[in-house]
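# Coordinate inspection notes
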Amino acid sequence: MPDNNLLTVDELKTYFFTDEGVVKAVDGLTLEVPRGRTLGVVGESGSGKSVGARSLMQLVDPPGRIVEGSIMLNRADGSTVDISSLDPRGPAIRAIRGDEIAMIFQEPMSSLSPVHTVGDQIGEMIELHWGYTKAQARDRVLELLQQVEMPKARGVIDSYTFELSGGMRQRAMIAMGLACDPSLLIADEPTTALDVTTQAVILDLIRRLQESFGMSVLFITHALGVIAELADHVAVMYLGSVVEQGSVMDVFHRPQHPYTRSLLRSIPSLGLEKKRRLEAIRGMVPHPFNRPGGCPFHNRCPEFMPGVCDQLVPPLEHLDAGRTVRCLLHSDVDEVRARQEEQAAAEREAAAGEAAAQRSVGKRGGESR
Amino acid sequence: MGLYIVRRFLYMIPTVILISIVAFMIIQLPPGDYLSTLVARYEAEGETLDQEYVSRLREIYGLGRPVHVQYWLWIRGIITRGDFGRSFAWGRPVSALIWTRLGLTFVLSLTTTLFIWIVALPVGIYSAIRQYTVGDYVVTTLGFVGLATPNFLLALIFMYIGFSVFGQTVGGLFSPEFVSAPWSIPRFLNMLSHLWIPVVVLGTAGTAGLIRHTRANLLDELRKPYVVTARAKGLPEWKVILKYPVRIALNFFVSAQATILVTLVSGAAIVSIVLSLPTTGPLLLRALQSQDMYLAASFILMLSVMNVLSTLISDIALAWLDPRIRYT
Ligand SMILES: Nc1ncnc2c1ncn2[C@@H]1O[C@H](COP(=O)(O)OP(=O)(O)O)[C@@H](O)[C@H]1O
Ligand code: SF4
Ligand SMILES: [Mg+2]
């Protein structure tokens, strides 16, 4: 069956096993990245956007790791690979990184090496994945720099990052992302470190490049206004999971999740002047150490249902027009309760069984000694 | 880059002039001079020197003249004729005494520096990328021991090992049959077989320090975002590590070298005395004690020039490694 989604992420969980405890940075991320389109991911700072994006390339640093879920990459030739099952240091994921999935980072200055030229840093990818010679790669880099409308591309190719302006650095970063013609480009808040004018220019550039290259773009931002500017679909993240996903028009005009509604209310008008972005929501984002039980949003939700939202975990519900939402307002509460109680009972039983098994093992171990 | 080197080289000239003045002045600081030390020594042994004779010597050596005149004559001799003056104690030209010793000091310092690099760089890298593994703990512990052990103790330990295990003569840079032989390939090889003890002794603390330095800097670099960028390109892990964080940590590594020679040369004095090596240290010490001023001043001058040169080399290497320095 030809899938028109390039990437299908299902119930992805990425946890950090720190000395202080387990940080559930990504906890049940479900996403669909349509082929040749832009999916915007929006969420407050700390909602797990960056960790989620890195998980898609198996780039999570220890003590973090993917503990559950799947990341299906559906290639144009019909083959499919589950990225979450690949060894983070193995050759299979390395062949995907940079070639099929590329990433643009937030801080172009610190994300580029200060002691290698722009041409070297971009060109090495082309040599690596396409087997180009240095000279061939250099031609391609020059072409890329022109495509990202780099001023004085011929000079910049031999420049170091500290010689470039912030906007030029981010253009170099974008050229690097496009180097091997990836089918997915992940942009993690690519304009946050830039001044407002440059932000608008870079956003416009990314939109035009998406059209001319025809790749899928996963655009991460904390600003809803940016989503409206350039995304076709949007996924709203809260505390490590997607609470609502759908087409931008649809979600903006008919938000189904209370969190999305609060987000939309908190911006006076859509557009780039988004200084008053998400602060207007009541309360604070809880630290992932103490994620609230039940619905993670329940301590801030204006539509909180006592006895329901703090007890049941909202399941993913599919609405019309390919939309999904995670809110008990859209679920059959009795059915969810029955299912989750059944599940909890089964888990208790399994745990009890395991404990019993361990006891008997211990006893046997004791006898043999 | 060329301009940078020229500029750096020009900066060196006033530095060296200043050093030569300071070196000469320091020698003059203690009360009295070589002759008064000599007189005092004779008196301590119950003899007296003819006052007439002493003042004639003072005249010959030019000791009665003002300091700046003495300095000027000395430095003019060095620049125009390579004449560093005469050693009072040895009764020979200074230039006949210092060059072989300076040469050996140079060889010893250079070999020690190479030893430190060859050990510290790979071990430091290993220790950083395997942070908190058994290997890292072993390296760190050994490093602490190496830093904490005094050099003279190490020297004695290695002399014992050299004597009991390898049957080598203890101390010196040559076996007895080579001590006063002319330079030849066997003599050179003989020197190398003795050199390892002072190299290891002198290099241990430096190696331990540089391992810690490399490890700490590399750990910092490994956390930088550009490492993730390199991984996101699909590069193999060894290439990610070597091309980016190690390459950048190398800048710190090289800038740490600017002072390494100073430490080595000053540290070498004690070790050379314990191991009775014919380097500058022991001779300089004696010259200072007897106020043999031209000998002492020439040693200090030449050692300082060596240090200034090594700083220059390290600066040039740094500029070559780091474009941020090269372009400013
Ligand atoms: N290396 C790490 N160790 C422990 N916790 C981490 C680490 N990296 C990220 N986190 C946690 O994961 C959560 C999500 O972070 P992140 O994905 O960077 O958020 P966002 O990009 O949405 O601002 C945060 O609470 C953060 O504290
Ligand atoms: S599940 Fe309850 S608390 Fe959570 S968003 Fe829906 S209404 Fe609010
Ligand atoms: Mg982020």
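Remember, predicted model here, so these are calculated numbers, not experimental data.

### Let's talk about the interface of chain B and chain A
On the side of chain A, 27 residues touch chain B, which itself brings 23 residues to the contact. Of the roughly 2200 Å² buried where chain B meets chain A, counting both sides, 63% is carbon and sulfur surface. At the boundary of chain B and chain A, one finds five salt bridges. The shortest N-O distance in the salt bridge between R231(B) and D61(A) comes to 3.6 Å. Linking chain B to chain A there are 10 residue pairs in polar contact (both at pLDDT 80 or more). Breaking the side of chain B that touches chain A down by element, the ones donating at least two residues are helix 9 (225-232), helix 10 (237-255) and helix 14 (323-326) of chain B. Ranked by residues supplied to the side of chain B that touches chain A, first place goes to helix 10 of chain B with seven residues. Residues of the side of chain B that touches chain A, tallied by class, amount to 11 nonpolar, three polar and nine charged.

### Some words on the domain arrangement of chain B
All names here are of chain B. As assigned here, chain B comprises domain 1 (34-83) and domain 2 (98-321). Across the domain 1 to domain 2 interface the summed buried area is about 670 Å²; carbon plus sulfur atoms make up 64%. Ranking the residues of domain 1 by area buried against domain 2 places Y34, T37 and W74 at the top, with a combined share of 65%. Where domain 1 meets domain 2, there are zero salt bridges. Linking domain 1 with domain 2 are zero residue pairs in polar contact (both at pLDDT 80 or more).

### A word on a nonpolar patch on the surface
Nonpolar side chains collect at one region of the surface, where V6(B), L10(B), I13(B), I17(B), I21(B), M25(B) and V67(B) lie side by side and expose about 560 Å² of accessible area between them. Note that I13(B) resides in helix 1 (residues 2-28).

### As for the sheet that holds strand 2 (residues 21-34) of chain A
All names here are of chain A. The sheet built from four strands is open, its strands ordered 2-1-4-5 with antiparallel pairing. Single-partner strands in this sheet number two, and they are strand 2 and strand 5 (80-82). For this sheet, the mean angle separating the axes of adjacent strands, direction not counted, is 5 degrees.

### Digging into the packing of aromatic side chains
Scanning all chains against the criterion turns up 15 aromatic pairs over all chains. Here the aromatic rings of Y15(A) and F17(A) are separated by 6.4 Å at their centres, their planes lie at 55 degrees, and the arrangement is tilted. The structure contains a cluster of three or more aromatic residues connected by ring pairs, namely F24(B), Y71(B), W74(B) and Y294(B).

What counts, and where the lines are drawn
Residues numbered from 1 in each chain as written. Chains lettered and ligands numbered in written order. Predicted model: local features only at pLDDT ≥ 70, side-chain atom pairs only at ≥ 80, totals over all residues. Heavy atoms only, no water. Contact = heavy atoms within 4.5 Å. Buried area = accessible area lost by both parts, 1.4 Å probe. Salt bridge = Lys/Arg side-chain N within 4 Å of Asp/Glu carboxyl O. Polar contact = N/O pair within 3.5 Å; in protein donor to acceptor, adjacent residues only side chain to side chain. Helix = DSSP H or I, 4+ residues; strand = E, 2+ residues; numbered from the N terminus. Nonpolar A, V, L, I, M, F, W, Y, C, P; charged D, E, K, R; others polar. Domains from an automatic or database assignment. Patch = residues over 30% accessible without salt bridge, like charges linked within 9 Å, V, L, I, M, F, W, Y side chains within 5 Å. Areas by Shrake-Rupley, 256 points an atom, 1.4 Å probe, with all protein chains shown as cover. Pairing = 2+ DSSP bridges. Axes fitted to C-alpha atoms, helices over the stretch in contact; angles between N-to-C directions. Phe/Tyr/Trp six-rings, centres within 6.5 Å; stacked < 30°, edge-to-face > 60°.

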